[in-house]
Each structure stands twice: as C-alpha cells, then as structure tokens.
Amino acid sequence: MVHSRGLWLGATLALTSVACDSKSEPAPSASQSATSTSAAPSPSSVPLAPGVRPLVPRGSASVAQRQTLTALTGPKRLTLAGPRPVAELTVPVGQTLTQPLLVVLTTPETAKQCETWQRIKPAVGFMLCPTPASDSTEVVQHTKSAVKALEAKFGQHVGPRSTLVGYGAGADAAVALMRESPILFPRGFLIGGGVSGFGSGAVQAFAVQGGERVLFACKDCEAGRSVSNLLRSGVNARHLDETEPDLKQLQSAWAWLSEGDPWWKPDAPE
C-alpha cells in the first residue's frame, strides 16, 4: 500500500496504462450482468471475469493503517501557497488520527460550491479546494500542486485516501485523477461532466486497482452507459438526473459516496 500521494504527482501508474491498452475482453458472468439496473451496456463493455479479484483490494486503505498523531491545531481555514496561492483548505482541528481528504474541483463559475461542501463534510478529514480553472488539464495541475503543498505542511496527518467532487471541467479532471490512481481516489462525484471518461477499458483498469464508487449528476447525458460499465465491473455507480443539485441532494449524495468508508467515520477507533 502506498502511504504517500507523491507517486502520482509525477507520473501515471504503469498498471493503468497496461490495463487500458489491453485488448483482452473477458466474458461477463450472469450474476454481474444482473446487477446492472441502468441503461443496457454497449457491445464494447468489458466486464471482469467471475474469478477476477482487484489487484488492490477495495477498502484496503483501512482504519488499521491510520496513525495516532498529535492533535491538529487551527486555524480551521487557510490558504495553501506555493509560488502562488494553490488552494483553500479546511483543517479538521482537534483530530488525532491520520485524515482522509475531500477535494472539490471547480471552475470559476462554480467556485462558490466549496462553501456548500464546508457545510456537508463531517468533522473528520481535510477539505481542499484547488484554484478553479475552466480547463480540465489545468484543474489537474492545480490539484497536484495543492496536494503537494498540503503534504508539505501537514505531513503524516494526510492519509492515502481521497474522495473527489468535480464540477464541469473539474468533473473531467476528477475522472483523470481517478483513472490515474484509483487506489488514492477510489470514489468520485461528477457533476455536469466526466460522463465519457469511463469507457469499458478505463472501467476495467479502475475496478482492478481499487475503484469503489462513482456518482454522476447530469441531465440529458449519456451517464447510463458509464453506470452500466462500472456496475458490470464491480464498481458501485449511480446517476442523479440533476445538473445543479441543491443542498439536500448534495447531502444525500455525500451519504451514499461515503457509505462504508471507515476513514470518514467520526468515531473511527484509534
């Protein structure tokens, strides 16, 4: 298990490239096909064979791997900076265990959503809002710079477990990060973007490397195919038919996204 995000800051995992380039397409099992309740999968869907298990077990970033450290101190909110400001950060003041990370990726038009997520996130976990951008590649760069600055400041308090929320170009960036390092980013909420990022080959790579949950929010989009591909590969997936979810819908989405993830439990044992 990798205990630092430094690995993905410089390069894509080699295993992802191998899985995405593979032309081997194992046949689906009857039980896996029955789990899909969304739109029918495309002929090019690549489900996992019945006996295939993830190379990195889902949920492997367990509570048992969390360290007990000195309690985090304030301020609760601050700006992380490198050569220039790179992110707004919410610190889980008072927490002593290694913490998970919620990353909210926005565009200039959706930047205020970070304030909304400060109301949704539980007391545990850092929350990082990288500098907004309208280009997904730029959002990815901002995110990597922000995480690097976070680790430089808080060190071992930052655990190898992140959940992504992306809006528009931020959703496209979230898909890129999830595909690059599924074990670090096993769960994501993609709002108004990212729908085309989970083709059959990408889904298989995401699944075998530890991908766990993906929630799409969009209207009149092709999310059904991606949801079906993810479900058939053993990744839990849903589609919310809403482009601009309100607070109640976002709270419900977070409840589903964080469900069963021990890192986000306030009462996690030491």
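Source: prediction; values computed, not measured. (Residues numbered from 1 in each chain as written. Predicted model: local features only at pLDDT ≥ 70, side-chain atom pairs only at ≥ 80, totals over all residues. Heavy atoms only, no water.)

Enquirer: What is the right way to read the overall build of the chain from this model?
Expert: Each helix and strand in the chain was counted, giving 9 helices and 8 strands. Across the 270 residues of the chain, 51% fall into the buried class. Sequence separation of at least 24 residues holds for 73% of the intrachain contacts in the chain that already meet a minimum separation of 6. For the chain, the accessible area works out to roughly 11,900 Å², and carbon and sulfur atoms hold 52% of it. (Helix = DSSP H or I, 4+ residues; strand = E, 2+ residues; numbered from the N terminus. Buried < 20%, exposed > 50% of the residue type's maximum accessible area, 1.4 Å probe, protein only. Contact = heavy atoms within 4.5 Å. Areas by Shrake-Rupley, 256 points an atom, 1.4 Å probe, with all protein chains shown as cover.)

Enquirer: What's the story with the nonpolar core in this structure? I'm lost.
Expert: Nonpolar side chains tend toward joint burial in soluble globular proteins. One finds Leu128 and Phe198 to be the most contacted residues of the largest nonpolar core, which totals 46 residues. When residues in this core are grouped by element, the largest group, 7 residues, is from helix H5 (residues 136–154). Once you skip the residues sitting within four places of it in the chain, Phe198 turns out to touch Val175, Met178, Arg179, Leu190, Val203, Phe206, Val214, Phe216, Ser226, Asn229 and Leu230. Residues Ile120, Val165, Trp256 and Trp264 belong to the second largest nonpolar core, which totals 20 residues. (Core = buried A, V, L, I, M, F, W, Y, C linked by side-chain atoms within 4.5 Å.)

Enquirer: Would you mind going over the packing of H5 against helix H6 (residues 169–180) with me for this structure?
Expert: Helix packing geometry: the angle between the two helix axes and the distance between the axes. As a packed pair, H5 and H6 sit with axes 8 Å apart at the nearest point and diverge in direction by 60°. When the axis of H5 is compared with that of H6, the two are oblique. In the packing of H5 onto H6, the handedness of the crossing is right-handed. Residues Ser136, Val139, Val140, Thr143 and Lys144 of H5 touch H6, and the partners they reach there are Ala169, Gly170, Asp172, Ala173, Ala176, Leu177 and Glu180. A class-by-class count of the residues in the contact of H5 with H6 yields 6 nonpolar, 3 polar and 3 charged. (Axes fitted to C-alpha atoms, helices over the stretch in contact; angles between N-to-C directions. Parallel < 35°, antiparallel > 145°, perpendicular 65-115°, else oblique. Left-handed = near helix turned anticlockwise from the far one by under 90°. Nonpolar A, V, L, I, M, F, W, Y, C, P; charged D, E, K, R; others polar.)

Enquirer: Just checking my understanding: could you explain the packing of aromatic side chains for this structure?
Expert: Think of a pair of aromatic rings as described by two things: how far the centres are apart, and how the planes are tilted against each other in angle. Using the criterion set out here, one finds 6 aromatic pairs in the structure. Both rings, one in Phe198 and one in Phe216, keep their centres 6.4 Å apart while their planes meet at 80°; by these two values the pair is edge-to-face. With Phe198 in the loop between strand S6 (187–191) and helix H7 (200–208) and Phe216 in strand S7 (residues 213–217), this pair connects stretches of sequence that are 18 residues apart. Assigned by exposure class, Phe198 and Phe216 land together as buried. Taken together, the aromatic side chains of Trp117, Phe189, Trp254 and Trp264 make up a single cluster linked through ring pairs. Note that Lys153 overlies the ring of Phe154, its terminal NZ or CZ placed 5.8 Å from the centroid. The aromatic ring of Trp256 is capped on one face by Arg213, whose charged end is 4.9 Å from the ring centroid. (Phe/Tyr/Trp six-rings, centres within 6.5 Å; stacked < 30°, edge-to-face > 60°. Lys NZ or Arg CZ within 6 Å of the ring centre and 35° of its normal.)

Enquirer: Where do I start with the sheet that holds strand S4 (residues 126–130) in this structure?
Expert: Where strands meet in a sheet, backbone hydrogen bonds hold them as pairs that are either parallel or antiparallel. Read across the sheet, 8 strands follow the order S1-S2-S4-S3-S5-S6-S7-S8 without closing on themselves; strand pairing throughout is mixed. The open sheet has two free edges, formed respectively by strand S1 (77–81) and strand S8 (236–240), since each of these has just one partner strand. Neighbour to neighbour, the strand axes of the sheet diverge by 20° on average, direction disregarded. Pairing of strand S5 (residues 158–167) with S6, which is carried by 5 bridges, proceeds in the parallel orientation. Considered in S6, the bridge of Thr163 is made with Arg187. Across the sheet, helix H8 (residues 223–232) touches S7 and S8, and the angle it forms with S8 is around 165°. Taken strand by strand, helix H9 (residues 247–258) contacts strand S3 (99–105), S5, S6, S7 and S8, and its axis lies near 155° from that of S6. (Pairing = 2+ DSSP bridges.)

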